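# Examination of the molecular architecture
The lines below spell out each chain.
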Amino acid sequence: MRKKLYAGNWKMNKGVSETEEFLRDFWSKFTDKESSDLDAEYVVFPQAATISDVKRLWREEGENRCDTLGIVSFYWGVQNMHWETNGAFTGELAPSLVRELGCRYVLAGHSERRQYFNESNESAAKRAVAAHENGMRAILCVGESLEQRESGKMFEVLDAQCKAMTDLSSSMPEGFVLAYEPVWAIGTGKTATSDQAQEVHKHLRDYFTKAWGERDANRLRILYGGSVKPNNSKDLMSQPDIDGVLVGGASLDPNSFFEIAGNAKEC
Ligand code: PGA
């Protein structure tokens, strides 16, 4: 049984006070147990400079509160992290710092990193592997552009993105997560239909079955991302190979992030 995962990628949004406001509001919603999905993990990816505040607030208020409400699985992570221990890499985050900040998850290879900052398949995979080597878990993002999809190159592109990971790791690092995010669906309001998403998720699970074996592939959680909203999360999460969602825009509002999960609670 793969535990559902709801991930919120805040990108370059929310300062310290907005982050604290979001968290207090979000945690308070779980008092309504009817509409809460308690059987799931939640993770937010705030801007890195606010994470020590997230950690503090969690210790001061969140942990206790969530414990009594039953959502013990609340985590946070960084949107990007370097693979080297430390050194002359201006602007990057060291794994030891990220760990010290209490991060459980690390996003690697988000399409915006690939598109605007020349992230390659290889560097994305190196970041993912480094997360696991440092006691955290990676969410490695893969996805095709519209042009690649329309020209029939979609599976080839996705396989190359996954191969960079399987070249570095001969079995699944414990807790590794994959996120399928078609580039044409990110921030555009165009979601892949649940059938389109399922087709790709199935393909990805088959890829990892070949590379890592059935046991690992069956445990691998594959999230869908790209214009996930409260009105489509249930449909997407009902698919057999969709184990969670990676949400951008709609995760900035505690109500919609909470509803995305609540609406999919029966899945
Ligand atoms: P979106 O972003 O939900 O705003 O489309 C998803 C993502 O980039 O992870």
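Figured I'd write up the structure that's included with this text. (Residues numbered from 1 in each chain as written. Predicted model: local features only at pLDDT ≥ 70, side-chain atom pairs only at ≥ 80, totals over all residues. Heavy atoms only, no water.)

This next bit is on the site of the ligand. As a structural note, the neighbourhood of the ligand is formed by 13 residues, with K11, H110, E181, G187 and S227 the closest of them. A distance of 2.7 Å separates an oxygen atom of the ligand from a polar side-chain atom of H110. A distance of 2.6 Å separates an oxygen atom of the ligand from a polar atom in the backbone of G187. Protein contacts shield 96% of the accessible area of the ligand, which totals 280 Å² for the unbound molecule. By residue class, the composition of the shell around the ligand is four nonpolar, seven polar and two charged. (Near = heavy atom within 4 Å. Polar contact = N/O pair within 3.5 Å; in protein donor to acceptor, adjacent residues only side chain to side chain. Areas by Shrake-Rupley, 256 points an atom, 1.4 Å probe, with all protein chains shown as cover. Nonpolar A, V, L, I, M, F, W, Y, C, P; charged D, E, K, R; others polar.)

Spanning 13 residues, helix α5 (residues 121–133) covers 18 Å between terminal C-alpha atoms, matching the ideal 18 Å at 1.5 Å per step. Buried within α5 we find S123, A124, A125, R127, A128, V129, A130, A131 and H132. Where α5 is buried, its residues touch β4 (105–108), α4 (111–116), β5 (137–142) and α7 (154–168). (Helix = DSSP H or I, 4+ residues; strand = E, 2+ residues; numbered from the N terminus. Expected span 1.5 Å × (residues − 1). Buried < 20%, exposed > 50% of the residue type's maximum accessible area, 1.4 Å probe, protein only. Contact = heavy atoms within 4.5 Å.)

A few words on the environment of N134. Mapping N134 onto the fold places it in the loop between α5 and β5. The exposure class of N134 is partly exposed, given its relative accessible area of 24%. Counting along the chain gives 36 residues from N134 to V98, while the straight-line C-alpha distance between them is 9.1 Å. Apart from the residues lying within four places of it in its own chain, the contact partners of N134 are P95 and R99.

Working definition: an aromatic ring pair is given by the centre-to-centre distance plus the angle between the planes. Under the defined criterion, the tally for this structure stands at 22 aromatic pairs. A ring pair is formed by F26 and F74, whose centres lie 6.3 Å apart and whose planes are at 45 degrees; its orientation type is tilted. Here F74 lies in strand β3 (residues 74–78) and F26 lies in helix α1 (residues 16–28), a separation of 48 residues in the sequence. Residues F26 and F74 agree in their burial class; the two are buried. An angle of 85 degrees between the planes, with centres 6.5 Å apart, marks the rings of Y116 and F117 as edge-to-face. As far as burial versus exposure is concerned, Y116 and F117 are alike and both exposed. Of the aromatic side chains, those joined through ring pairs into one cluster are Y6, W10, F22, F26, W27, F30, Y42, W58, F74, W76, F257 and F258. Just above the ring of W10 sits the side chain of K14; from NZ or CZ to the centre is 5.4 Å. The lysine or arginine in question, R104, covers the ring of Y75, its NZ or CZ lying 4.4 Å from the ring centre. (Phe/Tyr/Trp six-rings, centres within 6.5 Å; stacked < 30°, edge-to-face > 60°. Lys NZ or Arg CZ within 6 Å of the ring centre and 35° of its normal.)

Before going further, it helps to examine the sheet that holds β4. Judged by pairing direction, the barrel is parallel, and its eight strands sit side by side in the order β1-β2-β3-β4-β5-β6-β7-β8 before closing back on the first. The mean angle between the axes of side-by-side strands here comes to 25 degrees, regardless of whether they run parallel or antiparallel. Bridge count for strand β2 (residues 40–45) against β3 is three bridges, and the pairing is parallel. Bridged to Y42 within β3 is F74. Of the strands in this sheet, β1 (4–9), β2 and β8 (244–247) touch helix α11 (residues 254–263), which is tilted by about 160 degrees from β1. (Pairing = 2+ DSSP bridges. Axes fitted to C-alpha atoms, helices over the stretch in contact; angles between N-to-C directions.)

With that settled, the discussion passes to the packing of α1 against helix α2 (residues 51–69). Direction vectors running N to C along α1 and α2 enclose 5 degrees, while the axes themselves pass 10 Å from each other. Classified by the interaxial angle, the pair formed by α1 and α2 is roughly parallel. Contacts between α1 and α2 involve V16, T19, E20, L23, R24, W27 and S28 from the former and D53, V54, R56, L57, W58, E61, G62, R65, C66 and L69 from the latter. Its residues assigned to classes, the contact of α1 with α2 shows eight nonpolar, three polar and six charged. (Parallel < 35°, antiparallel > 145°, perpendicular 65-115°, else oblique.)

Limitation: the analysis is restricted to geometry and does not speak to function.
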